[in-house]
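# Analysis of the macromolecular model
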Amino acid sequence: MIPYGKQSIEQSDIDAVVEVLNSNWLTQGPKVPEFEQAISDYTNCKYAVAVNSATSALHVACLALGVSHNDYVWTSPISFVASSNCALYCGAKIDFVDIEPSTGNMCVIELERKLVHAKKAGQLPKVIIPVHLAGQSCNMKRIHELSLEYAFTIIEDASHAIGAKYQGEPIGNCIYSDITVFSFHPVKIITSAEGGMATTNDPSLARKMQLLRSHGITAVDTEMTEPSHGPWYYQQISLGFNYRMTDLHAALGLSQLKNVDSFITQRHQLASLYNQLLDRNLVTPLLQINNCYSAYHLYIILLTKPDKALHHSLVTGLREKDIIGHVHYIPIHLQPYYKDMGFEPGAFPNAEQYYQSAVTLPLHPSLTTEQVQYVVKTVHDILS
Ligand SMILES: *Cc1c(COP(=O)(O)O)cnc(C)c1O
């Protein structure tokens, strides 16, 4: 069986976790700050806050930016549900911006059109969450320009994009955003088993997220409302959660981060092999934009023409041949939970057409040339 994604674990990763097991700290020890420092260095961002998943990171990011009841948050309908659920956790209203069909990323022209309308209606979003689909950056420069004009803040959902670059600079540097979120789930580029990270250049956002991940509790005197009672004393100053990352997870993430660039190089080599071999009369890979260096979390192809039946037979046909093709993603607004909130089919036509056309082919560093050839041959056999 060929999975669509898979972690790469080496002996050094195993050793790093065992070292923590033999240490005094399983959680709240030195490995979490070490991992945060390493991500902050790697992404060229001032602060990195580790949490137990990207879902938690999105939640604390929204809260730190003040998302609350009656606020609007906008994201892409072509994403994992966590990109929009985070707004609902805060009691906010969610809406979506349709995608650009060639890249699957949030369309900046559609975004501007929607902002003009929202301004007239007095319903401008507080936060926009662009999602870097498959590891390729959205048009962050334009989204940032619009944020200045329409006064919203930006969380980049870079769950797919650790190690990716935009305009030659690392994703996560937050040049065009307030906060960037990464996921270290095993299907992603590097893994800490479960885990996530939020980067920001704003010290007060970083501190808010640190408090929110650990019950809203502080042990820092200057943050307290009355003098400390003694060395045992702490105060709860906001309503937080237990979203902490453990030292075991951080040690794995730290060890994996050493290989991130080579993982991505291997993903690029396999992706260009797919690009060479696939028949462009049948399928088109997602468009790669000039100033973007994708992390290639996913290798997504589009049918030349959206076709529900053909799309279905391609994914099922691959699976019959032990190739786990997948679909990223089912448009979020068509999920039953979201339909119950009032979203209807037809609301985001590009996303809905994309859903009848996009198929994720296997891509991970341990995939072999022969396996890529086998996948391509199977795709061609099914479609022709
Ligand atoms: C995986 C993923 C998430 C959630 O990541 P977890 O670490 O599993 O919580 C959020 N957004 C996107 C786009 C993802 O792919």
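Whatever comes next refers back to the structure up there.
In this report, we go over the structure that sits alongside the text. (Residues numbered from 1 in each chain as written. Predicted model: local features only at pLDDT ≥ 70, side-chain atom pairs only at ≥ 80, totals over all residues. Heavy atoms only, no water.)

## Concerning empty space enclosed by the protein
Going by this rule: A cavity here means a set of points on a 1 Å grid, drawn over the protein atoms and nothing else, where a 1.4 Å probe fits but cannot get out; a pocket is an open set with protein on both sides within 12 Å along at least five of seven lines, and a residue lines either one if it has an atom within 4 Å of a point. Grid points are joined across faces, edges and corners, and a volume is the space filled by probe spheres set on the points. For this classification, Asp, Glu, Lys and Arg are treated as charged, while Ala, Val, Leu, Ile, Met, Phe, Trp, Tyr, Cys and Pro are nonpolar and the rest, including Gly, are polar. Either an automatic procedure or a domain database provided the assignment from which the domain bounds are taken.
For the structure shown, the criterion picks out 1 cavity of 30 Å³ or more. There is about 70 Å³ of room inside the largest cavity. The residue inventory of the lining of the largest cavity, partitioned by class, reads 8 nonpolar, 3 polar and no charged. When residues of the lining of the largest cavity are sorted by domain, at least three fall in each of domain 1 (11–257) and domain 2 (260–383).

## As for the sheet that holds strand β7 (residues 169–170)
Test applied: When DSSP finds two or more bridges between a pair of strands, those strands are recorded as paired. In this text, helices come from DSSP runs of H or I with a minimum length of four residues, and strands from runs of E with a minimum of two, each type numbered from the N-terminal end.
A sheet is described by the order of its strands in space; here 3 strands give the open sequence β7-β6-β13, paired in antiparallel fashion. Sheet topology places β7 and β13 (292–293) at the edges, where each strand pairs with a single neighbour. Judged from the 2 bridges that link them, strand β6 (residues 165–166) and β7 form a sheet pairing that is antiparallel. Across the sheet, Lys-165 pairs through a bridge with Pro-170, a residue of β7.

## Structural notes on the layout of surface pockets
Its volume calculated, the largest pocket comes out at about 750 Å³. Forming the walls of the largest pocket are 37 residues, and the residues nearest its centre are Ser-79, Phe-80, Val-327, His-328 and Tyr-329. If you tally residues by element for the lining of the largest pocket, the top one is helix α10 (residues 308–320), at 5 residues. Counting contributing residues per domain, the lining of the largest pocket is built from domain 1 (11–257) and domain 2 (260–383), each supplying no fewer than three. Approximately 390 Å³ is the volume found for the second largest pocket. Lining the second largest pocket are 17 residues, with Gln-28, Gln-210, Arg-213, Ser-214 and Arg-244 sitting closest to its centre. Broken down by class, the residue content of the lining of the second largest pocket amounts to 7 nonpolar, 6 polar and 4 charged.

## Comments concerning helix α1 (residues 11–21)
Where we set the bar: Note on exposure labels: buried denotes an accessible area under 20% of the residue type's maximum, exposed denotes more than 50%, and partly exposed covers the range between, all computed with a 1.4 Å probe on protein chains only. Directions are taken from the helix axis to each C-beta atom, and the arc is the one they span. Contacts are assigned to residue pairs with any non-hydrogen atoms lying within 4.5 Å of each other.
Listing the buried residues of α1 in full gives Asp-13, Ala-16 and Val-20. Along the axis of α1, the buried residues cluster in a sector spanning 60°; they form a single face. Facing away from the buried side of α1 by more than 90 degrees, the exposed set consists of Gln-11 and Glu-19. Where α1 is buried, its residues contact α2 (31–43) and α8 (247–257).

## Observations regarding helix α9 (residues 260–277)
Stated formally: Take the residue count of a helix, subtract one, and multiply by 1.5 Å to get its expected span.
Between its first and last C-alpha atoms α9 spans 26 Å; for 18 residues at 1.5 Å apiece the expected length is 26 Å, and the two agree. For α9, every residue scored as buried is listed here: Val-260, Phe-263, Ile-264, Arg-267, Leu-270, Ala-271, Leu-273 and Tyr-274. Where α9 is buried, its residues contact α2, α8, β13, β14 (299–303), β15 (358–361) and α13 (369–383).

## Considering the side chain of Thr-218
For clarity, the cut-off: Residues adjacent in sequence count toward polar contacts only when both atoms are side-chain atoms; beyond that, a polar contact is any pair of N or O atoms within 3.5 Å, and within protein one must be able to donate a hydrogen and the other to accept it.
Here Thr-218 shows up in strand β10 (residues 217–218). A residue is classified by how much of its surface remains accessible, and Thr-218, at 0% relative accessible area, is buried. Among the polar contacts made by the side chain of Thr-218, one reaches the side chain of Arg-207 at a distance of 3.3 Å. Only 3.0 Å separates the side chain of Thr-218 from the backbone nitrogen of Val-220, close enough to count as a polar contact.

## A short note on the nonpolar core
We count it as follows: In these notes, a set of buried Ala, Val, Leu, Ile, Met, Phe, Trp, Tyr and Cys residues joined through side-chain atoms within 4.5 Å is what counts as a nonpolar core.
Core analysis: the biggest nonpolar cluster contains 48 residues, and Ile-155, Ile-179, Val-181 and Tyr-354 have the highest contact counts within it. The biggest single contributor to this core is helix α3 (residues 54–64), with 7 residues. Both domains that meet at this core, namely domain 1 (11–257) and domain 2 (260–383), each give it at least three residues.

## With respect to the sheet that holds β15
Quick note on the threshold: Axis geometry follows a simple rule: fit a line to the C-alpha atoms, using only the stretch in contact for helices, then measure angles between N-to-C directions, giving values from 0 to 180 degrees.
Pairing within the open sheet is antiparallel, and its 3 strands lie in the order β12-β14-β15. One side of each edge strand has no neighbouring strand; the edge strands of this open sheet are β12 (283–285) and β15. Within this sheet the neighbouring strands show an average axis-to-axis angle of 35°, counted without direction. With 4 bridges connecting them, β14 and β15 associate as antiparallel partners. Residue Leu-302 lies in a different strand from β15, and its bridge partner there is Ala-358. Sitting on the sheet, α10 touches β14 and β15, and the angle it makes with β15 is about 15°.

## Examining the state of the cysteines
Filter applied, for reference: Only a pair of cysteine sulfur atoms within 2.5 Å counts as a disulfide in this structure description.
Throughout the structure, instances matching the rule amount to 0 disulfides. Distance from the sulfur of Cys-86, which forms no disulfide, to the nearest cysteine sulfur (Cys-62) is 3.7 Å. Between Cys-174, a cysteine without a disulfide, and Cys-45, which holds the nearest cysteine sulfur, the sulfur-to-sulfur distance is 3.9 Å.

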